[in-house]
Amino acid sequence: MNAPDRYERFVVPEGTKKVSYERDTKIVNAGSFTIEREDHTIGNILRMQLHRDPNVLFAGYKLPHPLQYKIIVRVHTANQSTPTQAYTQAINDLDKELENLKQAFEDEKIRYEERPKQGY
Amino acid sequence: MDRPAAGVSYQRFPRVRIRELKDDYAKFELRDTDASLANALRRVMIAEVPTVAIDLVEIEVNSSVLNDEFIAHRLGLIPLTSAAAMAMRFSRDCDACDGDGSCEYCSVEFHLAARATDSDQTLEVTSNDLRSTDPKVCPVDQARAYQHALGGSEPFDTAAAADQRGILIVKLRRGQELRLRAIARKGIGKDHAKWSPAATVTFMYEPEIRINEELMETLTLDEKRSLVESSPTKVFNIDPNTQQVVVEDPEAYTYDDEVIKKADAMGKPGLIDINAKEDSFIFTVETTGAITAYELIMNAITVLRQKLDAVRLQDDDGDLGELGAHLVGG
C-alpha cells in the first residue's frame with residue numbers, strides 16, 4: 001500500500017544533486033560525500049580505492065537506512081591532500097582500472113578462441 | 001611520515017584468464033584486484049545490466065483458467081533477446097514518446113492470439129506464440145529456432161534447438177481463447193528480477209593449499225586415508241604409487257576447515273595450511289539467454305564505469321567549494 005515506487009531506488013529525483021560534499025566543521029581535511037541513489041556497489045569500491053591512497057587517513061561509507069536510497073562516504077586526509085582530491089583520484093583510478101579490465105577481457109577472448117580446444 | 005603529493009595514481013592492472021566460454025556460461029579467473037571490485041562486478045551483472053522484458057500487457061480476450069495479472073506476470077518472466085538493450089532508451093527518459101513507452105527507441109510490441117479449436121486436445125500457449133514487431137527482440141528460444149532455420153551465424157547453442165517447445169504460458173481447453181498486446185521495455189534487475197540477465201553469478205577466492213610434507217610423513221597410510229576422507233568435498237587424494245597425500249582439486253575446497261580440524265584432532269597442527277588468495281577470484285557466470293555471458297561481462301564493466309562517471313564531483317561543488325570555504329573561513 002505505502003511501499004515506495006521501485007524506481008525510487010535508482011532514479012535521482014529532479015532538483016536533487018547526485019553528489020554533494022559537506023566539510024567537517026571541526027576537523028581540517030575531513031568531510032563527507034552524500035551520493036544519491038547508490039549502494040554498496042559504488043560505496044565499497046570507492047572506500048577500498050581510497051584506502052590505497054596513503055594520504056587518506058580515514059575512509060568509510062554507510063548506507064544509513066535501506067529505504068533511504070543514498071550512501072555517505074566519509075573521508076579524512078593528511079595535509080598533502082583534500083577529501084575532494086582523494087575522491088576524484090579514486091574515481092579516476094577505478095575508471096582506468098575498469099577500462100584496463102575491459103581491454104584485458106577483449107584480448108583474453110581472442111586468445112581463448114585461438115587456444116586449441118581441450119577437455120578441461 | 002613522508003606522504004606523496006596528492007594526485008598520485010594508485011591504479012591496479014587486473015589480469016584475466018578465461019577458462020570456459022559458452023553462449024550462456026562463462027568461467028574465468030580474475031587476478032590482481034580486490035574483493036570490492038569483484039563484488040561490484042557481480043552485483044552489477046545481477047542487478048544493473050539492462051535487458052528487455054514485457055512490462056505492459058493489454059488483454060483483449062482471456063477466457064483461460066488463469067487470471068489476467070497471472071498471465072501478465074508469466075509473460076514478464078520470459079527472457080527476450082536483449083543484445084540491443086544497451087543502446088535502447090529507458091522509457092522513463094525517452095524524449096521521442098515522453099516516457100509513455102510506445103516508440104521504437106524504448107519499446108517493442110508483441111501480439112499473441114491463441115484459441116483452442118473444437119478438439120479434445122488442450123492447447124499449450126507458449127512463448128513461441130508471441131509475435132514480435134522487432135526481429136531483434138523475441139523470446140530467446142524462438143531466436144534459437146530462427147537462427148537454426150536460417151542456418152546462418154548462430155549466437156546460441158544449437159544442440160538445444162532440436163526440441164523447441166517454448167516456454168509454457170497457459171493451457172487452453174476447448175473453446176477458450178487468449179488474445180493480447182504486450183509492450184516490452186528496457187529495464188534493470190534492480191527494478192524487477194525479470195530484467196536480470198543473470199541466472200547465477202558467483203565468485204570465490206582461489207585457495208592456496210600447502211601440505212607440510214615433513215609432518216605428513218609421520219602419518220600411517222590409514223591416518224592419511226582418514227585425513228583425505230575428512231574433507232566433505234574431494235580436495236585431496238592419495239597417490240597410488242608414492243602413497244603421498246596430494247592436492248587433487250584445490251577449487252573443490254569450500255572453506256569448511258574440516259581437514260584442518262581433523263589434523264588438529266590427530267595431534268598434528270599445521271599439517272595442512274589453507275589460505276584464500278585475497279587478490280585472486282574464480283568467477284562463474286550464467287545468463288538467462290537474454291544476452292551472452294561475454295556480453296554480460298562486458299556490459300557490466302561498461303555499466304559500472306557509467307555509474308562511476310555519474311558520481312564524479314561536478315564543477316560547482318567539490319574543490320571550488322572547499323577553496324571558497326577556506327577563503328571565507330580564513
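Residues numbered from 1 in each chain as written. Chains lettered and ligands numbered in written order. Predicted model: local features only at pLDDT ≥ 70, side-chain atom pairs only at ≥ 80, totals over all residues. Heavy atoms only, no water.

Looking up chain B in an unreviewed UniProt entry gives the name DNA-directed RNA polymerase RpoA/D/Rpb3-type domain-containing protein, with the organism given as Oryza meyeriana var. granulata. Quoted verbatim from the Sequence similarities (unreviewed entry) field of the UniProt record, the comment on chain B reads "Belongs to the archaeal Rpo3/eukaryotic RPB3 RNA polymerase subunit family." (UniProt positions renumbered as here; feature names shortened; annotations may be inferred.)

Per an unreviewed UniProt entry, chain A carries the name DNA-directed RNA polymerase RBP11-like dimerisation domain-containing protein and comes from Oryza meyeriana var. granulata. Per its UniProt entry, chain A bears the Subcellular location (unreviewed entry) comment "Nucleus".

(A) Region of the structure containing the interface of chain A and chain B. Taken together, the 56 residues of chain A in the interface contact 54 residues of chain B. With both sides pooled, the region where chain A packs onto chain B buries about 5700 Å², and carbon together with sulfur makes up 59% of that total. The tally of links between chain A and chain B comes to seven salt bridges. Measuring nitrogen to oxygen at the nearest pair gives 3.7 Å for the salt bridge that ties A:Asp95 to B:Arg312. At the junction of chain A with chain B, the criterion picks out 22 residue pairs in polar contact (both at pLDDT 80 or more). Within the residue set of the side of chain A that touches chain B, elements represented by two or more residues are strand E1 (19-23), strand E2 (30-36), helix H1 (40-51) and helix H2 (83-114) of chain A. Per-element tally for the side of chain A that touches chain B: the top contributor is H2(A), with 24 residues. Residues of the side of chain A that touches chain B, tallied by class, amount to 22 nonpolar, 15 polar and 19 charged. (Contact = heavy atoms within 4.5 Å. Buried area = accessible area lost by both parts, 1.4 Å probe. Salt bridge = Lys/Arg side-chain N within 4 Å of Asp/Glu carboxyl O. Polar contact = N/O pair within 3.5 Å; in protein donor to acceptor, adjacent residues only side chain to side chain. Helix = DSSP H or I, 4+ residues; strand = E, 2+ residues; numbered from the N terminus. Nonpolar A, V, L, I, M, F, W, Y, C, P; charged D, E, K, R; others polar.)

(B) Region of interest: the environment of A:Phe10. If you trace the backbone, A:Phe10 turns up in the segment before E1. With 36 residues separating them in the primary sequence, A:Phe10 and A:Leu46 have C-alpha atoms 18 Å apart. For A:Phe10, the residues in contact, after removing those within four places along its chain, are A:Arg37, B:Arg92, B:Ile188, B:Lys190 and B:Asp191.

(C) Representation of the pattern of salt bridges within the structure. Following the criterion strictly, the structure yields 37 salt bridges over all chains and no others. A salt bridge links B:Arg19 to B:Glu29; its shortest N-O distance comes to 2.6 Å. Of the two residues, B:Arg19 is situated in strand E1 (residues 15-21) and B:Glu29 in strand E2 (residues 25-31); the sequence distance between them amounts to ten residues. When its relative accessible area of 7% is taken as the criterion, B:Glu29 is described as buried. In the salt-bridge network here, residues are joined through shared partners; they are A:Lys18, A:Glu38, A:Asp39, B:Arg43, B:Glu48, B:Lys190 and B:Lys307. (Buried < 20%, exposed > 50% of the residue type's maximum accessible area, 1.4 Å probe, protein only.)

(D) Just the nonpolar core, in detail. Residues A:Tyr87, A:Leu101, A:Phe105, B:Phe28, B:Leu30, B:Met45 and B:Val285 are the most contacted members of the largest nonpolar core, which totals 54 residues. Those residues in contact with B:Val285 that lie beyond four places of it in its chain are B:Asp24, B:Tyr25, B:Ala26, B:Phe28, B:Met45, B:Thr200, B:Val201, B:Ala293, B:Leu296 and B:Ile297. Within the second largest apolar cluster, 23 residues are counted, among which are B:Ile54, B:Leu80, B:Leu112 and B:Ala116. (Core = buried A, V, L, I, M, F, W, Y, C linked by side-chain atoms within 4.5 Å.)

(E) Structural context of the UniProt feature "domain: DNA-directed RNA polymerase RBP11-like dimerisation" (unreviewed entry) in chain A. In the numbering adopted here, UniProt assigns the feature "domain: DNA-directed RNA polymerase RBP11-like dimerisation" (unreviewed entry) to residues 32-103 of chain A. The straight-line gap between the two end C-alpha atoms of residues 32-103 of chain A is 33 Å; of that span, 46% is helix and 28% is strand.

(F) Representation of the domain arrangement of chain B in the model. Per the domain assignment, the segments making up chain B are domain 1 (51-196) and domain 2 (213-270). Put simply, the middle of domain 1 of chain B and the middle of domain 2 of chain B, counted by C-alpha atoms, are 53 Å apart. (Domains from an automatic or database assignment.)

(G) Focus on the UniProt feature "coiled-coil region" (unreviewed entry) in chain A. Here the UniProt-annotated "coiled-coil region" (unreviewed entry) positions come out as residues 84-115 of chain A. Helix and strand shares over residues 84-115 of chain A are 97% and 0% respectively, and the end C-alpha atoms of the span are 46 Å apart.

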